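Spelled out from the first residue to the last, the chains are:
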Amino acid sequence: MQRRTIGLGYFTTAMAAMFVVAAPLQAADVTRAAARRAPTIAIVVSGDSVIAGPARDAIGALARDQGFRVIQANGRSRESEPQAYARKADAVFYLDANPIGTTDIEYYGNVSTLYSAEFSLSAYRPSNGELLFSAPPQPVDFTALNAREKAQETVEPLLADIEDELQRLR
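Before going into details, it helps to say that this report is about the structure given with it. (Residues numbered from 1 in each chain as written. Predicted model: local features only at pLDDT ≥ 70, side-chain atom pairs only at ≥ 80, totals over all residues. Heavy atoms only, no water.)

**Details of the packing of helix α2 (residues 49–65) against helix α3 (residues 147–155)**
Two numbers describe how α2 lies on α3: the axes approach to 8 Å, and their chain directions differ by 50 degrees. Classed by the angle they form, the pair α2 and α3 counts as oblique. The element α2 and its partner α3 pack so that their crossing is right-handed. Between α2 and α3, the contacting residues are Val50, Ile51, Pro54, Ala55, Asp57, Ala58 and Ile59 on the first element and Ala147, Arg148, Lys150, Ala151 and Val155 on the second. When the residues that make up the contact of α2 with α3 are grouped by side-chain class, the tally is nine nonpolar, no polar and three charged. (Axes fitted to C-alpha atoms, helices over the stretch in contact; angles between N-to-C directions. Helix = DSSP H or I, 4+ residues; strand = E, 2+ residues; numbered from the N terminus. Parallel < 35°, antiparallel > 145°, perpendicular 65-115°, else oblique. Left-handed = near helix turned anticlockwise from the far one by under 90°. Contact = heavy atoms within 4.5 Å. Nonpolar A, V, L, I, M, F, W, Y, C, P; charged D, E, K, R; others polar.)

**Thoughts on helix α4 (residues 159–169)**
Buried residues of α4: Leu159, Ile162, Glu165, Leu166 and Leu169, and no others. Down the axis of α4, the sector holding all buried residues measures 120 degrees, keeping them to one side. Buried residues in α4 make contact with β1 (40–47), α2, β3 (91–107), β4 (110–124), β5 (131–142) and α3. (Buried < 20%, exposed > 50% of the residue type's maximum accessible area, 1.4 Å probe, protein only. Arc of directions from axis to C-beta.)

**Notes on the pattern of salt bridges**
For the structure shown, the criterion picks out four salt bridges. In this structure, Arg56 engages Asp57 in a salt bridge whose closest nitrogen and oxygen atoms are separated by 3.3 Å. For Glu130, the salt bridge is made with Arg125, and the minimal N-O distance between the two is 3.3 Å. By relative accessible area, which is 39% here, Glu130 ends up partly exposed. Of the residues examined, Arg125 reaches a relative accessible area of 28% and is grouped as partly exposed. (Salt bridge = Lys/Arg side-chain N within 4 Å of Asp/Glu carboxyl O.)

What follows is the structure in structure tokens.
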């Protein structure tokens, strides 16, 4: 009976090759698992984009700071119902800035348009349509010069409640 011996160099090379081949597979598995575990919210915006845009940006930034992925969509339609996001998001935030009207204002010999909108925010669980969060509608008056500031003033008091809701979704 002949006994075969394998040199240490061959053994080390074979083991190193196994780790090199397995490492990318393990990294890909970890990446896929992390992507599956990353909570996601969808923010659906409708109405006056001058007000809704900055508010969406503030909510999205807060969610990303909390470790959430953010999906954004514009307009309400049948496709934007909460159940449409069941496989995409853990929660759907609906941000509506419905225009109410306009008024011309005069100041120091200038004329500007004062826009009025009703701002509302609600969040739903897409798997079953459960209401997670709802803020009462708030009127917002703004001009082209201060729209971003007014949007931030409107959404700022809601951010603490939104943050609490995001913590519950984890």
